Number of protein chains: 2
Amino acid sequence: MGGQRRTHSEMKGIRRLAQHLDISIGTVSRALNGRPDVNEETRRRVLAAAKELGYVANQSGRSLRQGTTNIIGFMMQTGAEITGQGDTFFMSVFDGVQAVFARHKLDLVALLCSSQEDPADYLRRVVARGFADGMILSATQRHDPRVELLSERNIPFVTLGRTLTDAGQPWLDLDFEGMAQASIDRLVARGHRRIAITRPHDDVNLGYVFVERCREALASHGLTLDEDLIFRSTPNEAGGYQIGRDLLALDDRPTAIVLINETIAIGFYRALSEAGVRPGRDIAVIGRYSPHAQFLSPSLTCFQLSLRDLGVALAETLLATMPAFRHHYPSTTANTLWPMELVEGASDALYIHQS
Amino acid sequence: MGGQRRTHSEMKGIRRLAQHLDISIGTVSRALNGRPDVNEETRRRVLAAAKELGYVANQSGRSLRQGTTNIIGFMMQTGAEITGQGDTFFMSVFDGVQAVFARHKLDLVALLCSSQEDPADYLRRVVARGFADGMILSATQRHDPRVELLSERNIPFVTLGRTLTDAGQPWLDLDFEGMAQASIDRLVARGHRRIAITRPHDDVNLGYVFVERCREALASHGLTLDEDLIFRSTPNEAGGYQIGRDLLALDDRPTAIVLINETIAIGFYRALSEAGVRPGRDIAVIGRYSPHAQFLSPSLTCFQLSLRDLGVALAETLLATMPAFRHHYPSTTANTLWPMELVEGASDALYIHQS
């Protein structure tokens, strides 16, 4: 990862550049590698001369030999149920990731893993191709074989999300515990006793974390989480609509619900609206912010975070593990629970007066 | 691109697989390549045995020698102004692209080019790394050096969008001419004479196509496109808001507007709403569909298309140019203008009665 070994023809090119510019071969090489210990002016001169003299590093060859490509892969799940209506999460995270990578001339590519496919199989193929220097994994599962895979191959990586599979990897995760605790405390303080929650349809780790903390928070108030009030759904509008329909069909409806995914709020509101049930008046609703949330009426009480800042932290956490970059990020923490902020809306204005 | 040349150690592995399974070396090789002329059952047996015997094709080596990686890159622009609020276009297109690529065991990666960077420089770097067998380019500029670059390197590619730079490349593009013509005809038929239009802030080709056809359509009705009524904006909500403010500040306001980007409608509505100006009553508005459009009130008259189907066509158009796949797509057209469908809303209900 540190020094670059180069082919004979590449070395000839570098020697020619060094002579042309009258600077050392090492400096030329470091400048071409985008190493930060070369000053900007020198880097610019080297790159200009490289262009002028037609020097092109054989990146493909380099990747074969030692895996340095200056590409970082960000693996995300795609598919009709996940990104079929677009994405309001990853693109904003990418924005922050790219801002950091730009400092080091690293490129970000999104590795799109279809939900039709096993993520570990997909990653195995990507790794065999050896085109990325490092990896960011999202949608971590409860048990996630991708962690072992990358760890065995010594590929630097960071996960967005936690998993029980522990290879000592660095991770960032949203503070779903904090969200669970704050939501339950808030609803209980408003008199709610029958509180529903949602969880993702699949085995993604955050579902376990969220449900568990909701259960504990309810217990701390002497309440029990009713298994019938845990609604599973796909992370999209249709999933939220189905939750709404299922909830309304219950004989003993809950008086409050906490929605774990962003876009399910939209479908959930729609199902309620069709039945004449109004958030904040007839049921208390707490959810997560998305750009869509601004259109919801009454306004959604929701948890919000800066996705761009999250992306910045994710990138810096990864680079802090990579020998070529870690000296730039000496104080970066390897494991971070990212807080979310509660934005008060009108959707949870319902108080239950116990008789 | 057609047959695979393999290293000595790979050939040894393939021979071992063939003996183990008692089938021909050629069949094993074709199955490993994901070639369609191997039946599913055989492919499954070969892949299972390959896994069992620990066979891993050296993809990185293969890429160096002949450029076959089974990866297709989809280059898209990112950045705070473009994808900062998420993306409701490309992710849905990817869904269709991946559906086609899955048939051939091709993987799609999204090449994220920051708006801070020159797209041609970015692509040059990607090409030098040689990790993609083919390329899909979006956001084609009026003059687009990326077309020459890929053409010179003999890298198969298709563009989503047209450009004046012509290397005989295949392309798909939305029918912006059709949208311009239908919008202008419709508004003129409702009595509008002062019609505003919008165009992207940058040099993307579709802006030229759209403005030109609007001008022609107006001329065919004996009307002139007023240069002061062409509003430039970034393709996001903030851009739409600015258009609204600028339009309202005009002494001689237009009575109608056609919005070229999807999400600008949201900000535009907001600017109007703040000024007490109502679409459909005080000004006629025609835009493009996005998942956000459902939240707009009054409902937006807009042009819609299936982004997934567009993705399918895009992938098939690319594969039809690649020797290894073209026999699957014998009748695919190289250049396609993709129609958009007008969905009637209430936002253009305003009729102007000429006195």
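Preceding block: the structure.
Keep in mind the model is a prediction, meaning the values are calculated, not measured. (Residues numbered from 1 in each chain as written. Chains lettered and ligands numbered in written order. Predicted model: local features only at pLDDT ≥ 70, side-chain atom pairs only at ≥ 80, totals over all residues. Heavy atoms only, no water.)

Student: Which residues make up the overall build of chain A, and what are the values?
Tutor: Within chain A, the regular secondary structure consists of 13 helices and 12 strands. Principal-axis analysis of the C-alpha atoms gives chain A an extent of 90 × 35 × 35 Å. Element-wise, carbon and sulfur atoms account for 48% of the exposed surface of chain A, whose accessible area totals about 14600 Å². Between the centroid of the 38 positive side chains of chain A and the centroid of its 41 negative side chains there is a distance of 9 Å. (Helix = DSSP H or I, 4+ residues; strand = E, 2+ residues; numbered from the N terminus. Areas by Shrake-Rupley, 256 points an atom, 1.4 Å probe, with all protein chains shown as cover. Lys, Arg positive; Asp, Glu negative; His and termini not counted. Charge placed at Lys NZ, Arg CZ, Asp CG, Glu CD.)

Student: Tell me what's going on with the nonpolar core, and back it up with residues and numbers.
Tutor: The biggest cluster of nonpolar side chains holds 124 residues, and the ones touching the most others in it are Phe74(A), Phe101(A), Leu310(A), Phe74(B), Phe101(B) and Leu310(B). Non-local contacts of Leu310(A), meaning those with residues more than four positions away in its chain, are made with Phe89(A), Val93(A), Leu160(A), Leu172(A), Leu174(A), Leu305(A) and Trp338(A). With 36 residues, the next largest nonpolar core counts Val147(A), Phe157(A), Cys113(B) and Met135(B) among its residues. (Core = buried A, V, L, I, M, F, W, Y, C linked by side-chain atoms within 4.5 Å. Buried < 20%, exposed > 50% of the residue type's maximum accessible area, 1.4 Å probe, protein only. Contact = heavy atoms within 4.5 Å.)

Student: Run through the sheet that holds strand β7 (residues 230-233) of chain A, naming residues and quoting values.
Tutor: Residues and elements named next belong to chain A. Reading across the sheet, the six strands line up as β7-β6-β8-β9-β10-β12 and stay open at both edges, with mixed pairing between neighbours. Across the chains shown, the open sheet's two edge strands, defined by having one partner strand only, are β7 and β12 (341-343). When strand polarity is set aside, the average angle formed by the axes of neighbouring strands in this sheet is 20°. Where strand β6 (residues 195-200) and β7 come together, four bridges link them in parallel fashion. Bridged to Arg199 within β7 is Arg232. (Pairing = 2+ DSSP bridges. Axes fitted to C-alpha atoms, helices over the stretch in contact; angles between N-to-C directions.)

Student: Please set out the packing of helix α7 (residues 119-129) of chain A against helix α8 (residues 145-152) of chain A residue by residue, giving values where relevant.
Tutor: The angle between the axes and the distance between the axes are what describe a pair of packed helices. All names here are of chain A. α8 packs onto α7 with a crossing angle of 20° between their chain directions and a minimal axis gap of 9 Å. By the angle class used here, α7 and α8 are roughly parallel. Crossing angle aside, the handedness with which α7 passes α8 is right-handed. Here Pro119, Ala120, Leu123, Arg124 and Val127 of α7 lie close against α8, whose contacting residues are Pro145, Arg146, Leu149 and Leu150. Of the residues in the contact of α7 with α8, the class split is seven nonpolar, no polar and two charged. (Parallel < 35°, antiparallel > 145°, perpendicular 65-115°, else oblique. Left-handed = near helix turned anticlockwise from the far one by under 90°. Nonpolar A, V, L, I, M, F, W, Y, C, P; charged D, E, K, R; others polar.)

Student: Got a sec to walk through the packing of helix α6 (residues 90-103) of chain A against helix α13 (residues 307-319) of chain A? Specific residues and values, please.
Tutor: Residue and element names in this part refer to chain A. The interhelical angle for the contact between α6 and α13, taken along N-to-C directions, is 45°, at an axis separation of 6 Å. Considering their axes alone, α6 and α13 lie oblique with respect to each other. Crossing of α6 against α13: the hand is right-handed. Residues Ser92, Val93, Asp95, Gly96, Val97, Ala99, Val100, Phe101 and Arg103 of α6 lie in contact with α13, whose contacting residues are Leu307, Arg308, Leu310, Gly311, Val312, Leu314, Ala315, Glu316, Leu318 and Leu319.

Student: Mind laying out helix α9 (residues 176-189) of chain A, listing which residues take part and the relevant values?
Tutor: Helical geometry note: an α-helix holds 3.6 residues per turn, so side chains three or four residues apart project in the same direction. All names here are of chain A. The end-to-end C-alpha distance of α9, which contains 14 residues, comes to 20 Å, matching closely the 20 Å that a straight helix rising 1.5 Å per residue would cover. Along α9, the residues that are buried comprise Phe176, Glu177, Met179, Ala180, Ser183, Ile184, Arg186, Leu187 and Val188. A positive backbone phi angle near 95° is found at Gly191, which sits one or two residues after α9. (Expected span 1.5 Å × (residues − 1).)

Student: Account for helix α11 (residues 237-248) of chain B, with residues named and values stated.
Tutor: Residues and elements named next belong to chain B. With 12 residues, α11 extends 17 Å from end C-alpha to end C-alpha; this agrees with the ideal 16 Å at 1.5 Å per step. Listed in full, the buried residues belonging to α11 are Glu237, Gly239, Gly240, Tyr241, Ile243, Gly244, Leu247 and Leu248. Its buried side turned inward, α11 meets β6 (195-200), β7 (230-233), β8 (256-258) and α12 (264-274).

Student: If you had to explain the interface of chain A and chain B to someone new, which residues and values would you point to?
Tutor: Of the residues lining the interface, 48 residues belong to chain A; the matching set on chain B comes to 47 residues. Between chain A and chain B lies a buried interface of about 3800 Å² when both sides are counted; carbon and sulfur atoms form 56% of it. For chain A, the biggest contributors to the area lost against chain B are Met91(A), Arg129(A) and Phe295(A); these three give 19% of the whole. The interface formed by chain A and chain B includes four salt bridges. (Buried area = accessible area lost by both parts, 1.4 Å probe. Salt bridge = Lys/Arg side-chain N within 4 Å of Asp/Glu carboxyl O.)

Student: So what's going on with the relation of the copies chain A and chain B? Residues and values would help.
Tutor: When chain A is fitted to chain B, the residual RMSD is 0.3 Å, and the transformation amounts to a turn of 180° plus an axial shift of 0.2 Å. Expressed as an axis order, the relation between the two copies is that of a two-fold axis. When you check the interface residues of chain A against chain B, 98% turn up at the interface there too, and the contact is symmetric in its surfaces. (Least-squares fit on C-alpha atoms with pLDDT ≥ 70 in both.)

Student: Tell me what's going on with the packing of aromatic side chains, and back it up with residues and numbers.
Tutor: Counted according to the given criterion, the structure contains nine aromatic pairs over all chains. With a centroid separation of 5.1 Å and an interplanar angle of 75°, the aromatic rings of Phe89(A) and Phe90(A) are classed as edge-to-face. The buried category is assigned to Phe89(A), whose relative accessible area is 14%. One aromatic cluster in this structure is built from Phe74(A), Phe89(A), Phe90(A) and Phe94(A). A cation over a ring is seen here: Arg162(B) above Trp171(B), with NZ or CZ 5.4 Å from the ring centre. (Phe/Tyr/Trp six-rings, centres within 6.5 Å; stacked < 30°, edge-to-face > 60°. Lys NZ or Arg CZ within 6 Å of the ring centre and 35° of its normal.)

Student: Please set out the side chain of Thr27(A) residue by residue, giving values where relevant.
Tutor: Residue and element names in this part refer to chain A. Relative to the elements of secondary structure, Thr27 occurs in helix α2 (residues 25-32). At 2.8 Å, the side chain of Thr27 and the side chain of Ser24 are in polar contact. Not counting the four nearest positions on each side in its chain, Thr27 is found in contact with Val38 and Thr42. (Polar contact = N/O pair within 3.5 Å; in protein donor to acceptor, adjacent residues only side chain to side chain.)

Student: Describe the pairing of strand β1 (residues 71-78) of chain B, with residues and values.
Tutor: All names here are of chain B. With eight of eight residues buried, β1 is to be regarded as a mostly interior element. Residues Ile71, Gly73, Met75 and Gln77 point to one face of β1 and Ile72, Phe74, Met76 and Thr78 to the other, with burial holding for every one of them. Note: β1 against strand β2 (residues 107-114), eight bridges, orientation parallel. Bridge pairing in β2 places Met75 opposite Leu111. By the bridge criterion, four bridges tie β1 to strand β3 (residues 134-137) in an arrangement that is parallel. Paired with Phe74 across the two strands is Ile136, which belongs to β3.

Student: Describe in detail the pattern of salt bridges, supporting the description with residues and values.
Tutor: Residues and elements named next belong to chain A. All chains considered together, the criterion is met by 41 salt bridges over all chains. As a salt-bridge pair, Glu212 and Arg215 come within 3.5 Å of each other at their nearest N and O atoms. Residue Glu212 and its partner Arg215 are located together in helix α10 (residues 205-220), separated by three residues, close to a single helical turn. With a relative accessible area of 35%, Glu212 lands in the partly exposed category.

Student: Describe in detail unusual backbone geometry, supporting the description with residues and values.
Tutor: With an omega dihedral of 0°, the bond running from Ser297(A) to Pro298(A) counts as a cis peptide bond. With respect to the helices, strands and loops of the structure, Pro298(A) is situated in the loop between β9 (284-288) and β10 (301-304). Positive phi values are uncommon outside glycine, yet Asn154(B) reaches one of about 60°. Within the secondary structure, Asn154(B) is located in the loop between α8 (145-152) and β4 (157-160).

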